[in-house]
Each structure stands twice: as structure tokens, then as C-alpha cells.
Protein chains: 2
Amino acid sequence: MNYKKMDSNDFLALTSIVGKERIFIKDQIDEKYSHDQLGTAVSYPEAHIQVKDKHEVSKIMKYAYQENIPVTVRGAGTGLVGGSVAVMGGILLDMSLMNQIIELDKINLTLTVEPGVKLFEIYECVEKEGLFYAPDPGEKRASIGGNISTNAGGMRAIKYGTTREWVRALEVVTPKGELLRFGSKVVKNSTGYGLKDLIIGSEGTLGIIVSATLKLIPKPKFTKSMLVAFANREDAIQASPRLIKDYVLPTAVEFFEKQSLEYNEAFFGTTIENGSFNAYLLLSYDSNDEESLDKDLEHVKKLVLNQYGALDAFIIDPSSKRSNVWNIRGGFLEAIKASSDFVDECDVVLPRSEISGFLSYVREVSLKLNVRIPYFGHIGDGNLHIYLCKDNASDEVWHERVTKGFEMLYQKAFELGGLVSGEHGIGIAKKMYMQKLLGDEQMLLMQGIKKVFDPKMILNPKKIV
Amino acid sequence: MNYKKMDSNDFLALTSIVGKERIFIKDQIDEKYSHDQLGTAVSYPEAHIQVKDKHEVSKIMKYAYQENIPVTVRGAGTGLVGGSVAVMGGILLDMSLMNQIIELDKINLTLTVEPGVKLFEIYECVEKEGLFYAPDPGEKRASIGGNISTNAGGMRAIKYGTTREWVRALEVVTPKGELLRFGSKVVKNSTGYGLKDLIIGSEGTLGIIVSATLKLIPKPKFTKSMLVAFANREDAIQASPRLIKDYVLPTAVEFFEKQSLEYNEAFFGTTIENGSFNAYLLLSYDSNDEESLDKDLEHVKKLVLNQYGALDAFIIDPSSKRSNVWNIRGGFLEAIKASSDFVDECDVVLPRSEISGFLSYVREVSLKLNVRIPYFGHIGDGNLHIYLCKDNASDEVWHERVTKGFEMLYQKAFELGGLVSGEHGIGIAKKMYMQKLLGDEQMLLMQGIKKVFDPKMILNPKKIV
């Protein structure tokens, strides 16, 4: 694609849409707008524009479409695969000021928000009303627009599904600048092709989300957690699918090993009680009835100790230690990132039955390539987060190792029925692996769909397709 | 589109794929393959072919694509919008012999089936293992392929969502005859565009589902129901959103009025206990803990009697009366159909808050057009089933009334934020209303997507787009 190089006429035209205060060019562009949280892809836009409402978005897209200027959408910038990096220059459309909560509808149980609203703001808004938005991605400062664009999963996907299941409707500006509405406040929809579901997970390549209507439910009144300790990884992993099948659905089953706790201690100086075991499952359950929840936890405790080979099980007091363990779990990515100059990530997702074999292979790869590869995961839903660490390697050696490492890991994952990304998306960083997994026919379908929405290929170019 | 009229060479070629026993032409084609359950659209295919496996499907599609022969897919024929009727002739691809259960995976909690497996067979297969496939469309003899193709909803959508949320992976034969796999056994997926979700609800226009991998969960151990009686429709309808928000999520909230019971009595000769009230909500709750479930029901009983203006509330003994009430609820469509020569249906879905106003309007339309319009609905999820009855009208008068009636009802629904179809789909019968609701831009997107999958437009022509 031959995009237009932006010039002073373009900057003038765009300034006439948003005013002087919200457009930044050349030296005015802050370094942070050249990359996302992981920073693998680095590229500056030609113009960084903060939009305030959907009409501005529509006008900018009409102009960009007419002039053939690429546009990349950015929310809170917490992505990990370069999805929000303006790799072809052009306009970086910054949605962070579109951060208004539009409507909490207590009869239809929906929350309508602008895309720049952050995940933690959604929780705050609905939970004080006794309502619940269940998706629980690790990064609470992410924007809801970004969550929808990657179909973010998080810890409660076992019981409550991913972001996709919690989006009732989307307002979207197309690459041509049209404002369309997909879905409604309704619970069911069999009205034509699932365009809403096509936008979800499309990483800002098909249209720009300018509002989202989310599904809510009554908030479960009680949530309790249990930390289960095992002698080794194998035992912990084998217990996980049984925990899900044998009794009652947990909201979360997280897995980590001693190693992750050590990284955490080194970086944050904190650790958990009962932190001396080799492997752990961290479970969470919820209910409207405390007595019944306590019975469930007691039952689960017996199961893990008597049948699943756990060494110990600690019911976590929600007032203190729970938040401690969960906070420490939430800090693993930070701790691992802090342990090395540079890390790159593999967000692979596998059938639960294949986790154990895959993690053995991860150790093999680590030894073979001489790369440190810490990991942890949402083991209940088969989604692992695996980090290749650069450590003291030269850039050249690192590049070689990380390329080979990803190649080996994804190849193994595909053999085991896994997919490239469980929740972080494809962006630019994981494109080649997705192409390998899905094959030419599926890539052609995706490219065809992209062209239907975006004939000039101006929206988030080079991503996914 | 100019399709090829099938000739003896085509029949020979197709016979060489499936053998003589499973292809029917001309007079050999049974009348029932010219329509679906509602029978609004009637058209014979040129060849009715029963396929036995995905390789046959692939070979037939390669042939049909090359020869430009239209292909319409049919499951159990329980559709209501003409989606499985071969309106352009050509091949009717009958999937009912592809009815094998391929794998029950107890570790990953998935069931993989061929598309002709019927809904009740899925329940039987998984429930004896203590597992649960939650979608609960009224017609249990429908095929799972059809359920997926219309994103069937059913009674438990409030708590468990629609069919979409229960499909982990699909194997699909494209119009060109390629076999593709969308999704996997995994719980989360952010790997490129949601092609699986695009196939779901596409009513056999984008590809042919040849296997489906469904999500399962542990079966809730206890389910109980409550029949709540109200003095009038208004009170019942207003209680519904409060029941959903104020306490704990019901699995189902069904609504009916005395009238529906009367149709049922006239047709089946059966009625419910406590059947003398004007309006009812039929509620269902589930739990793993019987004590806690009983507490919930007692709590709900107090709410409906003390706060929501119910006249009475009957907890339904699962061993006898429950099934009676639910059976009678399940028979409403049959009873209404039996009350008239011919009925046509509106499967509109609305925000819960708008049901009451909409039903008042239904009565207005009924009076104005002099058409009997019985209805009932999955009120908890805003999905109403509304039947226009021909009764003694002449064909001409009926056509005029039904056209005007649908026009008025859909127009009102759109004004209230509703959609054309909650669960039955668009097919051929509801196309014009969908076009009106969605507008040209969305229709162009859908047509564009259709052409990406099916450049010759041979698969289920004239449906949806």
C-alpha cells in the first residue's frame, strides 16, 4: 500500500476538526506514543490526535480515507503485541479522552461507555450498585476499547467467559467514517451476520469502537479463594481439570511455581504465607450464599488433599491474605520484566489436557537455547504466559534465540491443538505464527473481510492480516 | 445470479460421490423437503442428497462450485424462517445422517459432534456423565447444526447465554469445498478475526458446518421452578427485570397469559394447576446445593409477593408438576398453530424495559388489522414469540394483513431498540425487515462478507443477504 506522507495541509485540516490543543506533530509527540507496554515494536506516528467524541472520529476517518493516510487507534497503551503502534506512521488516534460513562441501565442491566474508560473504572461504577462486569484481565488500567479489540480474557474466563460474551452492542466508525451500530441492549440476537462479534478481537483493523454497551449481572455476594500447594508442577497441573469437572465451577484457577514467587520477592520484596512449596494452584469461588460457599470450599479442600495429591490447602481470608496472594499473582509480569533488560512474550492457549506436556517442552527449549523462560498461567482456561528473557545476550544472539524459541514453542502448541493467542492478540508481533497456524485459506478469508471494511487498508495497517 | 439448471450429467456425477441410495431427484423427492416447520416458503430442490461424512460434503461442494449449482443445507427441518428451503432449486444437502457423536472429552469438557445430532441427544449424552450443555431452545428435535446456524437462544439464555457461547470450534466446508477449522478446544481465543463467530448465526450461507466442538460444564445438581401468578400482564412484566437484578440470576423467566393456557387446553386438553390467573411468570433456578436453592426460592417468593405485586407463588415439585407446567409451556407454539389454518411468526427481541409497551402495541395492531395475535415469550431475555393467525381470512386478505402487521410490529420494535430476530434467524422470510433495521451500509458489509466466502453465491442463495 502506498500511503500519503502527511504534510502541513493535512495538519491544518485535522486541526480544524479537533482544535490546536489536541493534535501533536513531530517533536511534540511524546516518546510513549511510539510503543506499547512491551515495547517490541517502536514507531512514531506523524500526528498524535486526542479525540473527544465520535463525531471527531468520524470526521478524521473521512479525511484520512479521502487522503489515504493510515490511522492507528490507541487506548491506554497497555497492549503487548504492538497492536496500537503506528508502524506505518500517519495518525495515532488516541481514545483516552473519550472516557465517559454514558449510561448505567439498571432495568436492562447494561453499562454503556466510551472506549477510553478503564477497566477499574467499570468495576467501581457497577459494583457500588450491586452489579457485576465479570471479565477480569490482569491489567486493570487497560481501556475497555482495548479489551474488546483483543477479546481480553483474564482470570474468570472459566466460569464467566471472555470479554466477547459481555458485549451487547458496539458503536463503530468505519474506515470510511460512517457511524454504525452493531447489536443492541438485547440478550439474544439472530439478526444477520455477527458483525459485532467480528469487531470484537479485530484489534482496531476493521473499525473504531466509539461506544460499547456491556452486559452486567447481579454481583455474587461472596467470593473466597484457596491456595493449594503441591509437591511438583505435574501434580498441580493434573489437579486443574479435575477441579473444574468434579464438583462446582471455580471462577479462577491460576497456576504458578516457586520460581515466580522468587522473582516477585526479588523485585517487590514481598512474598506469600506458606510460600515454601514447589507448585501452587490459586482457586477462587463465588456464590450468593456464604454457607454454601463455605461448604464448597470444604468439599474442594477434601478433594485436593485426599484425591488430587495436594500437600496442603489454605482457605484465604478475604480481608487480608487473599488480597496479598492475588496482588502478588497480579505482579508476576512486572517482576519478570524487571528481572531482565528485555523480555518477549508468548500468550499461547492450549487444551487443558496438554498443559503439562507443553510446559515440559518449555523447559527443553530453555535448556536447548540457553534462554531463561519463566512462566505462569491461567491454567484453568489453558492460557499460559511465557516469557523469553534477553538477560545478558547481545542483540544479535537475542534476536536469533527469540526467533527460534517462538518458532519451537508455537510449533509445539499447534501440534497439541493450541492457538497463538489466548488474550493478548496478534498485532504485529505474532502475525507470522498465526499465518503458520491458520494456513493460506483462512488468511485469505481474513484479508477479504479486511478489504470489505477497509478497501484502502488505512486502518491499523500491517496488523493481523 | 444465473445458476445452472441441473441435468443428467450432474445427477451422475453426484451419484458417483454418494452412491444411488442417497440421492433423490424429481418425483423421488418427498414433499417435506420442500419446506420447513412453519412452511411459509415452499420450493423443491432439483436433487435431495443425504450426506454421510465431511468428505462427501467437500466433494459435492467442489462439484457444485465448478458447475455453478446452488446448494441449500438442511438439518432437522425445524426452522421457522425458510432458511433451509431450496428456493433456487439445485441441491438440498441433507445433514441428518451425519449424526455421530465424535468425542466426549472429559478433561477439556468438550463434546464434538456431527451437525445432524439432535439437541436432545446431546443432553442425553452429557447429562449421564454429570455434565451440562446449557442452551435450551424449545425444539429439542432440532439439529445442533441448525442451532448453531441460527445462534439458537432458548430459555436459559439469561444465565447461560445463547448457543454462540457454547461453541468452542467448528469444522466448516467452504462453498469452494475446502475443509477449514475455526477455533479449538481452548477456552480463550484472540487469534485473528472471529471466523467461528461469523459462521455462527450465518444460517448456512457462508459455509457448511461438518462438526462442532461444544463447551460443557459440570451439571448443576439441583434445578427448581416457581410459577408466579399476577393480576395482569403489566404486573408480571414489570416484575421480570427486578427478578433478574435484585437477587440471584434465574436460569429462565418465561411469561404467558391465560390465553395461552386456553389454547393449550383446547388443543391438548391439558392445563396446569392454579391456572385461573390472568398472567404468569415461570421461573427456574439452579444450584449445586439444595439447601441454598431452597433458601433462594423462599427469598424470591417473598420478593414477588411482598414487593412485586404477585397474587400467589407456587414452588413446583420437580417430580410431577414442574414437568407438567414446563411441558405445557413447551407446547404453546403447537397449540397456537393448531388454532388456525395458517400462522406466521415474529420472533422479535427487545430490551427488557420495552416489553410492556410493545405488547400493548401488539394488541392495538390486532384490533386495528382485525387479526388474532397470540403471543408468549422468553421475557427474561426480551425475546417474544408473536403469532399472526390467518383464521378464516382469504389468501388475499391474509397476505395484506400479515404484510401490514409485520411492518407495524417491526417498526415499533426498532423504535424501542429491538432487533428482528432473537433466535429463529432471518432466512428468507425476515430479510426485508432486517434490511430496514440495519440500513444500506451494514447490508453492504454483509454482502461483502458473503462474497469473500462465496464468490459465486451458490450457498443457500437468497438468504440473509
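Basis of the calculations
Residues numbered from 1 in each chain as written. Chains lettered and ligands numbered in written order. Predicted model: local features only at pLDDT ≥ 70, side-chain atom pairs only at ≥ 80, totals over all residues. Heavy atoms only, no water. Pairing = 2+ DSSP bridges. Helix = DSSP H or I, 4+ residues; strand = E, 2+ residues; numbered from the N terminus. Axes fitted to C-alpha atoms, helices over the stretch in contact; angles between N-to-C directions. Parallel < 35°, antiparallel > 145°, perpendicular 65-115°, else oblique. Left-handed = near helix turned anticlockwise from the far one by under 90°. Contact = heavy atoms within 4.5 Å. Least-squares fit on C-alpha atoms with pLDDT ≥ 70 in both. Buried area = accessible area lost by both parts, 1.4 Å probe. Salt bridge = Lys/Arg side-chain N within 4 Å of Asp/Glu carboxyl O. Polar contact = N/O pair within 3.5 Å; in protein donor to acceptor, adjacent residues only side chain to side chain. Expected span 1.5 Å × (residues − 1). Buried < 20%, exposed > 50% of the residue type's maximum accessible area, 1.4 Å probe, protein only. Domains from an automatic or database assignment.

Residues and elements named next belong to chain B. Sheet architecture is open: 4 strands sit in the order S1-S2-S4-S3, paired in mixed fashion. The sheet is open, and its two edges are formed by strand S1 (23-25) and strand S3 (71-74), each paired on a single side. Within the sheet, the average angular offset between the axes of one strand and its neighbour, ignoring direction, is 20 degrees. Two elements, strand S2 (residues 47-50) and strand S4 (residues 91-94), share 4 bridges in a ladder whose sense is parallel. The residue of S4 that forms the bridge with Ala47 is Ile91.

Residues and elements named next belong to chain B. Read from one edge of the open sheet, 5 strands run S5-S6-S10-S8-S9, paired in antiparallel fashion. Here the strands that pair on one side only, and so sit at the sheet edges, are strand S5 (101-105) and strand S9 (179-183). Looking at each pair of strands side by side, their axes are set apart by 15 degrees on average, direction ignored. Where strand S6 (residues 110-113) and strand S10 (residues 208-215) come together, 4 bridges link them in antiparallel fashion.

Packing of helix H14 (residues 431-453) of chain A against helix H14 (residues 431-453) of chain B leaves a shortest axis separation of 9 Å and a crossing angle of 155 degrees. The orientation of H14(A) with respect to H14(B), classified from their angle, is roughly antiparallel. As H14(A) runs across H14(B), the sense of the crossing is right-handed. Together, A:Leu445, A:Gly448, A:Ile449, A:Val452 and A:Phe453 of H14(A) and B:Leu445, B:Gly448, B:Ile449, B:Val452 and B:Phe453 of H14(B) make up the contact between the two elements.

Before going further, it helps to spend a moment on the environment of B:Leu216. Considering the arrangement of structural elements, one finds B:Leu216 in the loop between S10 and strand S11 (217-218). Residues contacting B:Leu216, with those up to four places away along its chain left out, are B:Leu104, B:Leu109, B:Thr110, B:Leu111, B:Val126, B:Leu131, B:Phe132, B:Tyr133 and B:Trp166.

Quick look at the relation of the copies chain B and chain A now. Structural alignment of chain B on chain A gives an RMSD of 0.0 Å, achieved by rotating through 180 degrees and translating 0.0 Å along the axis. Both copies of the chain, as the preceding transformation shows, are related through a two-fold rotation axis. Both copies contact each other with a shared surface, as 100% of the interface residues of chain B are interface residues in chain A too.

Each partner contributes to the interface: chain B provides 81 residues, whereas chain A provides 81 residues. Taking both partners together, chain B and chain A bury about 6,900 Å²; carbon and sulfur atoms supply 61% of that area. It is B:Lys188, B:Ser190 and B:Tyr193 in chain B that bury the most area against chain A; as a group they hold 14% of the surface buried on that side. For the interface between chain B and chain A, the tally reads 10 salt bridges. Note that B:Arg164 is salt-bridged to A:Asp197, the shortest N-O span being 3.4 Å. Taken together, the links from chain B to chain A amount to 36 residue pairs in polar contact (both at pLDDT 80 or more). At the level of secondary structure, the elements contributing two or more residues to the side of chain B that touches chain A comprise S9, helix H6 (195-199), S11, helix H7 (233-246), helix H9 (290-307) and H14 of chain B.

Within the secondary structure, A:Asp136 sits in the loop between strand S7 (131-132) and helix H4 (144-149). If we ignore the near neighbours within four places in the chain, the residues touching A:Asp136 are A:Tyr123, A:Gly153, A:Gly154, A:Met155 and A:Arg156.

Another point: helix H2 (residues 54-67) of chain A. All names here are of chain A. Here H2 spans 20 Å end to end across 14 residues, near enough to the 20 Å set by a 1.5 Å rise per residue. Of the residues making up H2, those classed as buried are Glu56, Val57, Ser58, Ile60, Met61, Tyr63, Ala64 and Tyr65. Against the buried residues of H2 lie helix H1 (8-18), strand S2 (47-50), strand S3 (71-74), strand S4 (91-94), strand S8 (167-173) and strand S10 (208-215). A side-chain oxygen of the first residue of H2 lies 2.9 Å from the backbone nitrogen of His55; this N-cap is Asp53.

Here we come to the pairing of strand S9 (residues 179-183) of chain A. All names here are of chain A. Pairing of S8 with S9, which is carried by 5 bridges, proceeds in the antiparallel orientation. In the sheet register, Val173 faces S9, and the bridge partner there is Leu179. Once S8 ends, the chain turns through 5 residues before running back antiparallel as S9, passing Gly177 with a positive phi of about 95 degrees.

To continue, consider the domain arrangement of chain A. Residue and element names in this part refer to chain A. Domain boundaries assigned for chain A yield domain 1 (8-95), domain 2 (101-218), domain 3 (222-332) and domain 4 (340-425). A straight line from the C-alpha centre of domain 3 to that of domain 4 covers 24 Å. The largest per-residue losses of area from domain 3 upon contact with domain 4 belong to Arg233, Ile237 and Phe255, which jointly make up 34% of the total buried on that side. In this structure, the connection of domain 3 to domain 4 is made through 1 salt bridge. Ionic pairing is found between Glu257 and Arg363, a salt bridge with its closest N-O pair at 3.0 Å. Applying the counting rule to domain 3 against domain 4 returns 10 residue pairs in polar contact (both at pLDDT 80 or more). Those elements that place two or more of their residues in the side of domain 3 that touches domain 4 are helix H7 (233-246), strand S13 (252-257) and helix H8 (258-268).

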